[in-house]
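One-letter residues, chain by chain:
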Amino acid sequence: MSSIGESTPGLEKQQLLERVTQNGHALQHAAGRLQADREVVLAAVAQTGRALRHAAAGLKSDREVVLAAVSENGYALEWAAVELQRDRELALVAVSRNSGALMYVGAELWHDREFVLKAVDQDGGALQYAAAELRGNRQVVFAAVGQTGRALAFVGAQLRSDREVVLAAVAQYGLALRDAATEMRRDREVVLTAVTQCGCALMYALEELQRDREVVLTAVAKDGSSVRYAAADLRSDRGIMLAAVDQDDRALQYAAGKLWRDRKFVLAVVAQYGNALQHAAVELQRDREIVLVAVAQNSDALRHATARLQQNPTLRRVAALNPRVSALLLAAQHRFYLACICEERFC
């Protein structure tokens, strides 16, 4: 494409100024003398910082021009002269505008403790670019994991064993437990803190804590599906599985087979999810009371009962009722069943 000003000799600077004020990228097609015009470039980068890429080399070394550009769009730092990418103030302005501009910061600044502290205060992930000695600096690391626990992935090995650092990280982002040292993943308080923030952090706990009932209950209260990471014997625990299912019905798929022969468990489950009757043991699929509760919750559940009960007139009438009506008819009975189950006095 012909450049503006070369192909159109009569085009005045004022006309280009009007254009770049509306679209800074219009600078791309301007004549070289206009790309080197400070007033024009300042107007262009004020409209879109990325227009700095079209400026003449001399203006990419102009601190005022670059400051205007990164103030509008931090990514403009990519096109700044190398010496300005090392400028602490400019780099911080760019990063505060767009954290992704971190990748364009001059390497020297990542050895600068003051700069790194300010950078991780804005985006803890900036720690990944810091020099090794700063990734092992406790003050810098605390600032980073306090901003985002994900920053633990970039922390020096020694501080991944620091209990206070790890606690700060998992309190902010439970899954940061993955990046903690082994001894931290067997620390009960650390793991409880992690699963309180994110139930699925249970997957990174050591096996002895995946067998800890309180830890698992805390995890499933936050995310029912995290029960998949519990030890097998706890996935046979009625209380834990009911707590998990109450939070997320998808947890049903992780229930141990023996629970589907547990009358109390099945009764509680089908009261909430009638079609779960399909997973129950045959002897419970022929249990009239259980089938009645399941069908009241979901009329489709009748097809999971034994053939004899599928022909039962009472059950067929309940299934034929409007689901809301049948649910209302049995709501009081359900509450009694569940209360009995919770108090371990179901008969």
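## Quick word on the overall build of the chain
So, step 1. Helices and strands together make up the secondary structure of the chain, namely 21 helices and zero strands.
So, step 2. Taken across its 347 residues, the chain has 52% of its residues classed as buried.
So, step 3. Approximately 16400 Å² of the chain is accessible, and the part contributed by carbon and sulfur atoms is 47%.

## Quick look at the side chain of Asp223
So, step 1. Tracing the chain through its elements places Asp223 in the loop between helix 14 (213-222) and helix 15 (238-247).
So, step 2. Of the side chains with opposite charge, Arg250 lies nearest to the buried Asp223, which makes no salt bridge, at 5.5 Å.
So, step 3. Of the polar contacts made by the side chain of Asp223, one reaches the side chain of Ser225; its length is 2.7 Å.
So, step 4. Once residues lying within four places of it in the same chain are set aside, the contact partners of Asp223 are Gly199, Cys200, Gln247 and Asp248.

## Digging into the packing of aromatic side chains
So, step 1. Enumeration according to the criterion identifies three aromatic pairs in this entry.
So, step 2. For the pair Trp110 and Phe115, a centre-to-centre distance of 5.2 Å together with 70° between the ring planes defines the contact as edge-to-face. Here Trp110 and Phe115 have matching classes, each one buried.
So, step 3. Among the aromatic residues, ring-to-ring pairing joins Trp110, Phe115 and Tyr129 into one connected group.

## So, helix 12 (residues 188-197)
So, step 1. Buried within helix 12 are the following residues: Val190, Val191, Leu192, Ala194 and Val195.
So, step 2. Looking at the buried positions of helix 12, the neighbouring elements they touch are helix 10 (163-172), helix 11 (182-185), helix 13 (207-210) and helix 14.
So, step 3. With a side-chain oxygen positioned 3.0 Å from the backbone nitrogen of Glu189, the residue opening helix 12 is Asp187.

## Some remarks on the packing of helix 1 (residues 13-22) against helix 3 (residues 38-47)
So, step 1. For the pair helix 1 and helix 3, interaxial distance at closest approach is 7 Å and the crossing angle is 15°. What the angle tells us is that helix 1 and helix 3 run roughly parallel. Note that helix 1 runs across helix 3; the crossing there is right-handed. Counted together, Lys13, Leu16, Leu17, Val20, Thr21 and Gln22 of helix 1 and Glu39, Val40, Ala43, Ala44 and Gln47 of helix 3 form the full contact between these two elements.
So, step 2. Along the lines of polarity and charge, the residues of the contact of helix 1 with helix 3 split into six nonpolar, three polar and two charged.

## Points about the pattern of salt bridges
So, step 1. One pass over the structure, following the stated rule, counts 24 salt bridges.
So, step 2. The closest approach of N and O atoms between Glu164 and Arg138, which form a salt bridge, is 3.3 Å. Pair noted here: Glu164 is in helix 10 and Arg138 is in helix 9 (residues 138-147), with a separation of 26 residues, a long-range link.
So, step 3. With relative accessibility at 36%, the residue Arg138 sits in the partly exposed group.
So, step 4. When the shortest N-O distance is used, the salt bridge between Arg163 and Asp187 registers 2.7 Å. Within this pair, whereas Arg163 is found in helix 10, its partner Asp187 is found in the loop between helix 11 and helix 12, the two being separated by 24 residues in sequence.
So, step 5. Judged by its relative accessible area of 34%, Arg163 is partly exposed.
So, step 6. Here the salt bridges share partners, and the residues they tie into one network are Arg88, Asp112, Glu114 and Lys118.

## What about the environment of Gln85?
So, step 1. Summarising the element assignment, Gln85 is placed in helix 5 (residues 82-85).
So, step 2. Along the primary structure Gln85 and Leu109 are separated by 24 residues, whereas in three dimensions their C-alpha atoms are 8.9 Å apart.
So, step 3. In contact with Gln85, other than residues within four places in its own chain, are Leu77, Glu78, Ala80, Ala91, Tyr104, Val105, Gly106 and Leu109.

## Remarks on the nonpolar core
So, step 1. One finds Leu52, Trp110, Phe115, Leu127 and Phe265 to be the most contacted residues of the largest nonpolar core, which totals 117 residues.
So, step 2. Here Phe265 is in contact with Arg238, Met241, Leu242, Leu252, Ala255, Leu259 and Trp260, once residues within four sequence places are set aside.

## Quick notes on the state of the cysteines
So, step 1. As enumerated under the stated definition, the model contains zero disulfides in all.
So, step 2. Not part of a disulfide, Cys198 finds its nearest cysteine sulfur in Cys200, a span of 5.5 Å.
So, step 3. Taking the relative accessible area as the measure of exposure, Cys200 reaches 12% and is therefore buried.

## Brief notes about the environment of Leu202
So, step 1. Mapping Leu202 onto the fold places it in the loop between helix 12 and helix 13.
So, step 2. When neighbours within four sequence positions are excluded, Leu202 is seen to be in contact with Val195, Leu209, Gln210, Val215, Val216, Ala219, Ser226, Tyr229 and Ala230.

## What to know about the environment of Ala157
So, step 1. Within the element layout of this structure, Ala157 appears in the loop between helix 9 and helix 10.
So, step 2. The exposed category is assigned to Ala157, whose relative accessible area is 64%.
So, step 3. Residues Ala157 and Ala180, 23 residues apart in the sequence, show an inter-C-alpha distance of 8.8 Å.

## With respect to the confidence of the model for the chain
So, step 1. Residues of the chain with pLDDT of at least 70 account for 89%, and the chain-wide mean is 89.
So, step 2. Mean pLDDT across the elements of the chain ranges from a minimum in helix 21 (residues 323-342), with 52, to a maximum in helix 12, with 98.
So, step 3. Ignoring residues within four places in sequence, the model shows residues 1-10, a span with pLDDT below 50, making 19 contacts including any to other chains.
So, step 4. Scored below 50 in pLDDT, residues 343-347 shows 10 contacts in the model against residues more than four places distant or in partner chains.

Rules of the game
Residues numbered from 1 in each chain as written. Predicted model: local features only at pLDDT ≥ 70, side-chain atom pairs only at ≥ 80, totals over all residues. Heavy atoms only, no water. Helix = DSSP H or I, 4+ residues; strand = E, 2+ residues; numbered from the N terminus. Buried < 20%, exposed > 50% of the residue type's maximum accessible area, 1.4 Å probe, protein only. Areas by Shrake-Rupley, 256 points an atom, 1.4 Å probe, with all protein chains shown as cover. Lys, Arg positive; Asp, Glu negative; His and termini not counted. Salt bridge = Lys/Arg side-chain N within 4 Å of Asp/Glu carboxyl O. Polar contact = N/O pair within 3.5 Å; in protein donor to acceptor, adjacent residues only side chain to side chain. Contact = heavy atoms within 4.5 Å. Phe/Tyr/Trp six-rings, centres within 6.5 Å; stacked < 30°, edge-to-face > 60°. Axes fitted to C-alpha atoms, helices over the stretch in contact; angles between N-to-C directions. Parallel < 35°, antiparallel > 145°, perpendicular 65-115°, else oblique. Left-handed = near helix turned anticlockwise from the far one by under 90°. Nonpolar A, V, L, I, M, F, W, Y, C, P; charged D, E, K, R; others polar. Core = buried A, V, L, I, M, F, W, Y, C linked by side-chain atoms within 4.5 Å. Disulfide = S-S within 2.5 Å. pLDDT = per-residue confidence, 0-100.

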